[in-house]
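# Examination of the molecular architecture
Residues per chain are reported as follows:
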Amino acid sequence: FRKACGGTLPSENATVFKAGSVLREFRVQDLSPSDVVPPELFFKDRDDFPPVVRIWLTGTIFPARNERLEKRLSSIWNLIKDLVEAFDTEEYQRNFEAAPDRTSALKVIQEVQLRVLPCHGFAISGDESQIAMRITQMQGFLQSGRIDPRVSPALEHSVHLSGY
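Residues numbered from 1 in each chain as written. Predicted model: local features only at pLDDT ≥ 70, side-chain atom pairs only at ≥ 80, totals over all residues. Heavy atoms only, no water.

Position of serine 21 among the secondary structure elements: in the loop between strand E1 (16–20) and strand E2 (28–31). Residue serine 21 is classed as buried on the basis of its relative accessible area of 5%. A polar contact is formed between the side chain of serine 21 and the backbone nitrogen of arginine 24, at a distance of 3.0 Å. Leave out the neighbours within four places in its chain, and serine 21 touches Arg27, Leu41 and Arg54. (Helix = DSSP H or I, 4+ residues; strand = E, 2+ residues; numbered from the N terminus. Buried < 20%, exposed > 50% of the residue type's maximum accessible area, 1.4 Å probe, protein only. Polar contact = N/O pair within 3.5 Å; in protein donor to acceptor, adjacent residues only side chain to side chain. Contact = heavy atoms within 4.5 Å.)

Quick look at the environment of proline 118 now. The topology assignment puts proline 118 in the loop between helix H3 (102–116) and helix H4 (128–143). The exposure class of proline 118 is partly exposed, given its relative accessible area of 41%. Ignoring anything within four residues of it in the chain, the contact list for proline 118 reads Gln113 and Ile124.

Once that is clear, we can look at the pattern of salt bridges. Within this structure, the stated rule accounts for 10 salt bridges. Here arginine 46 ties to aspartate 45 by a salt bridge, and the two come within 4.0 Å at their closest N and O atoms. With a relative accessible area of 0%, aspartate 45 lands in the buried category. The salt bridge involving aspartate 45 is made with arginine 72; its shortest N-O contact spans 2.1 Å. Residue aspartate 45 is located in the loop between E2 and strand E3 (54–58), and its partner arginine 72 is located in helix H1 (residues 67–87); the two are separated by 27 residues in the primary sequence. Comparing aspartate 45 with arginine 72 shows no difference in burial state: the two are buried. Shared partners join several salt bridges into a network, and the residues in it are Arg65, Glu70, Asp148 and Arg150. (Salt bridge = Lys/Arg side-chain N within 4 Å of Asp/Glu carboxyl O.)

On inspection of all chains with the given rule, the structure shows three aromatic pairs. Plain terms: the ring middles of phenylalanine 122 and phenylalanine 141 are 5.8 Å apart, the flat faces sit at 65° to each other, and that makes the pair edge-to-face. In this pair, phenylalanine 122 is assigned in the loop between H3 and H4 and phenylalanine 141 in helix H4, connecting sequence segments 19 residues apart. Assigned by exposure class, phenylalanine 122 and phenylalanine 141 land together as buried. Cluster of aromatic residues (ring-pair linked, three or more members): Phe87, Tyr92 and Phe96. (Phe/Tyr/Trp six-rings, centres within 6.5 Å; stacked < 30°, edge-to-face > 60°.)

Note that all results are geometric; they support no functional claim without further evidence.
Printed below as a string of structure tokens:
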């Protein structure tokens, strides 16, 4: 926080610090300016990137987003766009509607995810548990973009189109 706030921390009375998981939205912890973010709140959403955590900070204004965050948000938007395009096809909608049960419908959703994710740096290989881990990583990655108010409606739209 010190670096982001120009070398000094705002007074503890004027600032509220919270940290939370990007994947498990209700996992949030209040912090003081001197606290260390608990490791269990971090989430590794991509192999070649450091783990992420959601931080809430009130009482301080940041003049701009940093380059790393802008790049992350751009990647999130690109993934959402590709998922929406894939879920919005007639073929996908027909296959989803034809699924006889929830398990089959989830497989139809997963087929799209497995086709789209490698284009966005998510290596898909291994058994079902590895694939489930990648899909969970994708979900955490997408959720981390909710700091941009435009991301939530876009995510909701992709979920609606997917039928999930």
